[in-house]
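# Chain and residue survey
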Amino acid sequence: DHRDLHSFPTRRSSDLGGAIGAVMRYALAVILPTTTTLTLVDLPWGTLAANILGCLILGALTGYWDENPPKYAQLQLVLGTGFCGGFTTMSTFTGEIAAIIGAGFPLEAFKYVTASVLVCVLAVVGGLLAGARVGAMSAREHIERGEES
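Here is a short report on the structure shown in this document.

Parameters at a glance
Residues numbered from 1 in each chain as written. Predicted model: local features only at pLDDT ≥ 70, side-chain atom pairs only at ≥ 80, totals over all residues. Heavy atoms only, no water. Disulfide = S-S within 2.5 Å. Axes fitted to C-alpha atoms, helices over the stretch in contact; angles between N-to-C directions. Helix = DSSP H or I, 4+ residues; strand = E, 2+ residues; numbered from the N terminus. Parallel < 35°, antiparallel > 145°, perpendicular 65-115°, else oblique. Left-handed = near helix turned anticlockwise from the far one by under 90°. Contact = heavy atoms within 4.5 Å. Nonpolar A, V, L, I, M, F, W, Y, C, P; charged D, E, K, R; others polar. Core = buried A, V, L, I, M, F, W, Y, C linked by side-chain atoms within 4.5 Å. Buried < 20%, exposed > 50% of the residue type's maximum accessible area, 1.4 Å probe, protein only. Expected span 1.5 Å × (residues − 1). Arc of directions from axis to C-beta. Salt bridge = Lys/Arg side-chain N within 4 Å of Asp/Glu carboxyl O.

The next thing to look at is the state of the cysteines. Applying the stated rule across the entire model yields zero disulfides. You can see Cys55 has no disulfide; the closest cysteine sulfur is in Cys120, sitting 3.9 Å from it.

Encoded structure:
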């Protein structure tokens, strides 16, 4: 039921997924710190990696669930809205772009935006295709065993 998605426990589940995603993003930023180029422009590798991985994961989950819907709608909120929403970051991405422009490097900012958007879109498409393929195989296995998916 659609109303179940707005219940307190469901929102808390989504919040938990978001918190875990945010902690994972922070860990990635620590592992892949910002590096400074010869032009002294900071390249935020952690943000870029988080956004690419988040797009790939969300694409894969969506593709899988299109072929093999989850038994519990809350799972989509916890993993999709919660985890992927907390893991990816538009606000940090935008702040970093503003900092690069503010440092006097608008061309580098444009390159970073263009590369980020293109790679993230490719990650979503790749995730959708891979997830749909795995989801279809899983759905077929359930049917062959006489189970509901």
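What follows is about the packing of helix 2 (residues 45–67) against helix 3 (residues 73–87). Taken N-terminus to C-terminus, the directions of helix 2 and helix 3 make an angle of 165°; their axes are 9 Å apart at the nearest point. Considered as vectors, helix 2 and helix 3 are oriented roughly antiparallel to each other. Classified by chirality, the crossing of helix 3 by helix 2 is left-handed. Counted together, Ala50, Leu53, Gly54, Ile57, Leu58, Leu61 and Trp65 of helix 2 and Leu75, Gln76, Leu79, Gly80, Phe83, Cys84 and Phe87 of helix 3 form the full contact between these two elements. Across the contact of helix 2 with helix 3, the residue classes break down as 11 nonpolar, three polar and no charged.

On to the nonpolar core. Core analysis: the largest hydrophobic core is formed by eight residues, namely Leu28, Ala49, Ala50, Leu61, Trp65, Phe83, Cys84 and Phe87. Those elements that place two or more of their residues in this core are helix 2 and helix 3. The residues touching Leu28, leaving out its near neighbours within four places in the chain, are Gly46, Ala49, Ala50, Leu53 and Phe87. Residues Phe93, Ile100, Ala109 and Tyr112 belong to the second largest nonpolar core, which totals six residues.

Attention now goes to helix 4 (residues 90–102). Between its first and last C-alpha atoms helix 4 spans 18 Å; for 13 residues at 1.5 Å apiece the expected length is 18 Å, and the two agree. Taken together, the buried positions of helix 4 are Phe93, Glu96, Ile97 and Ile100. When helix 4 is viewed along its axis, its buried side chains cluster within an angular range of 100° and face the same direction. Opposite the buried face of helix 4, by more than 90 degrees, sit the exposed residues Ser91 and Gly102. Trailing helix 4 by a residue or two, Gly104 shows a phi angle of about 95°, which is positive.

Proximity of charged atoms lets side chains of opposite charge pair with each other. Per the stated rule, a full pass over the model turns up two salt bridges. Between Arg12 and Asp15 there is a salt bridge, with the nearest N and O atoms lying 1.9 Å from each other. In this pair, Arg12 and Asp15 both sit in helix 1 (residues 8–31), three residues apart, roughly one turn of the helix. In this structure, Arg145 engages Glu141 in a salt bridge whose closest nitrogen and oxygen atoms are separated by 3.6 Å.

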